[in-house]
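Okay, here's what each chain looks like letter by letter:
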Amino acid sequence: RPTSSWQQGEVIVDSHQLTIRDSADLGLYTIEVGLYTQQGESFLRLNLRDENGIIRGDVAHLTPVRVTD
């Protein structure tokens, strides 16, 4: 649902399955996520704000994923 309807402190679950190729290099990978808003024909990245409303960038870093053999 639109982010404009989200409430402060509300947890929004948006699950996605990741597929890792057999040929992927082993190691630790950082997953980054961002949100966009549509402005006419364009999509603009939304800012990430902390609990004090200070802009901290436009990407959230999720728990790292380790690829092993």
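Going by the structure above, here's the rest.
The following paragraphs examine the structure supplied in this document. (Residues numbered from 1 in each chain as written. Predicted model: local features only at pLDDT ≥ 70, side-chain atom pairs only at ≥ 80, totals over all residues. Heavy atoms only, no water.)

As for the layout of surface pockets
Its volume calculated, the largest pocket comes out at about 1,100 Å³. Residues belonging to the lining of the largest pocket are distributed by class as follows: 12 nonpolar, seven polar and seven charged. (1 Å grid on protein atoms, 1.4 Å probe; cavity = no way out; pocket = protein on both sides within 12 Å on 5 of 7 lines; lining within 4 Å. Points joined across faces, edges and corners; volume = space filled by probe spheres on them. Nonpolar A, V, L, I, M, F, W, Y, C, P; charged D, E, K, R; others polar.)

What about a nonpolar patch on the surface?
Together, Trp6, Ile12 and Leu35 give the surface a local cluster of nonpolar side chains, amounting to about 240 Å² of exposed area. For isoleucine 12, the location among the structural elements is in the segment before strand S1 (27–29). (Patch = residues over 30% accessible without salt bridge, like charges linked within 9 Å, V, L, I, M, F, W, Y side chains within 5 Å. Areas by Shrake-Rupley, 256 points an atom, 1.4 Å probe, with all protein chains shown as cover. Salt bridge = Lys/Arg side-chain N within 4 Å of Asp/Glu carboxyl O. Helix = DSSP H or I, 4+ residues; strand = E, 2+ residues; numbered from the N terminus.)

With respect to the pairing of strand S3 (residues 36–39)
As paired elements, S3 and strand S4 (residues 42–45) share four bridges and run antiparallel to each other. Note on S4: the bridge partner recorded for glutamine 38 is phenylalanine 43. (Pairing = 2+ DSSP bridges.)

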